[in-house]
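In case you want the letters, here they are:
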Amino acid sequence: MRILFLACLRANTGNSTTAQRIRSHLEAAGHECELRDASAVQSPVEVANLISERKFDAGLAIHVFKAGRFLLDNGIPFGVIFGGTDINEDVKNEEKFWVMGTVLEEARFAVAFTCKMKDAAAKYWPQAISKIHIQPQGILTTPNVSFDIDTFLQNSGMMHIAAHIFLLICGLRRVKDPLYLVEAFAEWHERDPSICLVIIGPTVDPVFTSEVRSKLHNIDGVYLVEEIPLADVQALIKRSFAVVNSSLSEGMSAAILEAMDLEVPVLARDIPGNAAIMNHEDTGLIFSNPTEFVKLAKRLMSEPDLKRKITNNAKNYIRSHHSWELERETYQNLVQICLTDGL
């Protein structure tokens, strides 16, 4: 089967990583899967022409609005995967909400990463509930053991490698809110130079990235570093004291799951997407404001038993709930059954 797979493919972002992994699952089943960047599509006509020229048998999209809308009315069966901002943010826009409802009506299946995501979708589009399958993201980490982390950090401006590196991984756009903890870190670093915040990720919104760079220009203890390949990012995760997530909205953060798998503690902002995969003081620490973040981070530094408990429980959670093998089986079955025989 020839499958057209649409997703936003900015390098080294969660969507891109997820798309590459799912494509590998489908190709392992013998399908030909062509991955295209939905953010580069100019019009539905462009996709229609592509489907006609390449003779695709089926379609798949990550993000119901940004990618799924381009598969409408093209004569091929398709499925969609909720991305996060579609169900958390785009539903607030009347036009986008209507389009997503149309996409779900035509789609053969939809995938939600969590029960909460499915429940939210069912509330907005109750007629689609029978189509929505729950499949958490599968995680397989392969950190680059030869990556020279200290040299990389020094070249990024960290002249003295901090003993406690807190790592925030995100594409630079407003919904990820990477500046949320900056002032708190600057004040904390002034009192304790052993801590720092490293923000790493690709430029998604150039205007916002300029704002971030300007904000950090005269702030000590916070570093914005260039994007690097995923295997190097995972090596940096292992070298860090903790991974931080300060997003306003998440579908399911791959960075959080990778940190859990690599046995590095996570401190995450209290939003539905994060709370769906973390239990406070069990598999991670959840904060509601910068002051609470600093308090919890200090506990993590001073209570080794707490850190040990969290990382052990988080690793077990990944093994039990985010199996890469189960994810592969799910997508292969959905494509084979739902896109060929129908529901």
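In this text the structure is predicted, and so the values were computed from the model without any measurement.

## Topic: the overall build of the chain
Broken down by element type, the chain carries 14 helices and twelve strands. Taken against the 2.2 N^0.38 rule, which gives 20 Å for 343 residues, the C-alpha radius of gyration of the chain at 21 Å falls within 12% of a compact globule. For the C-alpha atoms alone, the extent of the chain along its principal axes is close to 60 × 40 × 40 Å. Counting only residues that meet the buried cut, the chain has 54% of its 343 residues in that class. Taking the contacts inside the chain whose residues are at least 6 apart along the sequence as the reference set, 72% of them involve residues at least 24 apart. Between the mean site of the 34 positive side-chain charges and the mean site of the 43 negative ones, the chain shows a separation of 2 Å.

## Observations regarding the nonpolar core
One finds Leu6, Val80, Phe82, Trp125 and Met260 to be the most contacted residues of the largest nonpolar core, which totals 87 residues. When residues in this core are grouped by element, the largest group, five residues, is from strand E1 (residues 2-7). Non-local contacts of Trp125, meaning those with residues more than four positions away in its chain, are made with Phe82, Ile87, Val91, Phe97, Met100, Gly101 and Leu104. Core analysis: the second largest hydrophobic core is formed by 32 residues, Leu172, Leu216, Ile219 and Leu267 among them.

## Regarding the UniProt feature "domain: Glycosyl transferase family" (unreviewed entry) in the chain
Mapped onto the present numbering, the UniProt feature "domain: Glycosyl transferase family" (unreviewed entry) falls on residues 166-316. Annotated as residues 166-316, this span is 46% helix and 17% strand, and its ends, taken at the C-alpha atoms, are 22 Å apart.

## So, the environment of Met158
For Met158, the position within the fold is in the loop between helix H6 (149-155) and strand E7 (164-169). Separated by 63 residues in sequence, Met158 and Gly221 have C-alpha atoms that sit 8.7 Å apart. Setting aside its immediate chain neighbours within four residues, Met158 contacts Leu153, Cys196, Val198 and Tyr223.

## A few points about the environment of Lys238
Its place among the elements puts Lys238 in helix H9 (residues 230-239). Separated by 20 residues in sequence, Lys238 and Glu258 have C-alpha atoms that sit 9.7 Å apart.

## What to know about the pairing of strand E4 (residues 78-81)
Covered by surrounding structure in E4 are Phe78 and Val80 together with Gly79 and Ile81, the residues of both alternating faces. As paired strands, strand E3 (residues 58-62) and E4 are joined by four bridges and run parallel to one another. Each bridged residue has a counterpart across the sheet, and for Ile62 the counterpart in E4 is Ile81. Of the pairings in the sheet, the one linking E4 to strand E5 (residues 109-112) comprises three bridges and is parallel in character. Considered in E5, the bridge of Gly79 is made with Phe109.

## Side note on the pairing of E1
The buried fraction of E1 is high, at five of six residues. Summarising the sheet, E1 and strand E2 (residues 32-37) pair through six bridges and their orientation is parallel. Among the inter-strand pairings, Leu4 is bridged to a residue of E2, identified as Glu34. When E1 meets E3, the two strands line up parallel, connected through four bridges. By the bridge assignment, Leu4 is partnered in E3 with Gly59.

## As for the packing of aromatic side chains
As enumerated under the stated definition, the model contains eleven aromatic pairs in all. Between the aromatic rings of Phe97 and Tyr124, the centroid separation amounts to 6.0 Å while the plane-to-plane angle is 80°, which identifies the pairing as edge-to-face. You can see Phe97 sitting in helix H4 (residues 94-106) and its partner Tyr124 sitting in helix H5 (residues 115-124), a full 27 residues away along the chain. A relative accessible area of 30% means that Tyr124 is categorised as partly exposed.

## A closer look at the sheet that holds E3
Reading across the sheet, the six strands line up as E2-E1-E3-E4-E5-E6 and stay open at both edges, with parallel pairing between neighbours. Strands at the two margins of the open sheet, each flanked by one partner only, are E2 and strand E6 (132-134). With strand direction ignored, the average angle separating the axes of adjacent strands in the sheet is 20°.

## Looking at the packing of helix H7 (residues 182-191) against helix H12 (residues 290-302)
Where H7 contacts H12, the two axes come as close as 10 Å, and the packing angle between them is 40°. Regarding the angle of H7 to H12, the classification is oblique. Judged by the sense of rotation from one axis to the other, the crossing of H7 with H12 is right-handed. Here H7 contributes Ala184, Phe185, Trp188 and Arg191 to the contact with H12, which in turn contributes Pro290, Phe293, Val294, Ala297, Lys298 and Met301.

## Notes on helix H2 (residues 44-54)
Every buried residue of H2 is accounted for by Val47, Leu50 and Ile51. On an axial view of H2, the arc spanned by its buried residues comes to 100°, and they lie on one face. Turned more than 90 degrees off the buried face of H2, the exposed positions are Val45, Ser52 and Glu53. At its buried positions, H2 is contacted by E1 and E2.

The rules behind the values
- Residues numbered from 1 in each chain as written.
- Predicted model: local features only at pLDDT ≥ 70, side-chain atom pairs only at ≥ 80, totals over all residues.
- Heavy atoms only, no water.
- Helix = DSSP H or I, 4+ residues; strand = E, 2+ residues; numbered from the N terminus.
- Rg over C-alpha atoms; globule rule 2.2 N^0.38 Å.
- Buried < 20%, exposed > 50% of the residue type's maximum accessible area, 1.4 Å probe, protein only.
- Contact = heavy atoms within 4.5 Å.
- Lys, Arg positive; Asp, Glu negative; His and termini not counted.
- Charge placed at Lys NZ, Arg CZ, Asp CG, Glu CD.
- Core = buried A, V, L, I, M, F, W, Y, C linked by side-chain atoms within 4.5 Å.
- UniProt positions renumbered as here; feature names shortened; annotations may be inferred.
- Pairing = 2+ DSSP bridges.
- Phe/Tyr/Trp six-rings, centres within 6.5 Å; stacked < 30°, edge-to-face > 60°.
- Axes fitted to C-alpha atoms, helices over the stretch in contact; angles between N-to-C directions.
- Parallel < 35°, antiparallel > 145°, perpendicular 65-115°, else oblique.
- Left-handed = near helix turned anticlockwise from the far one by under 90°.
- Arc of directions from axis to C-beta.

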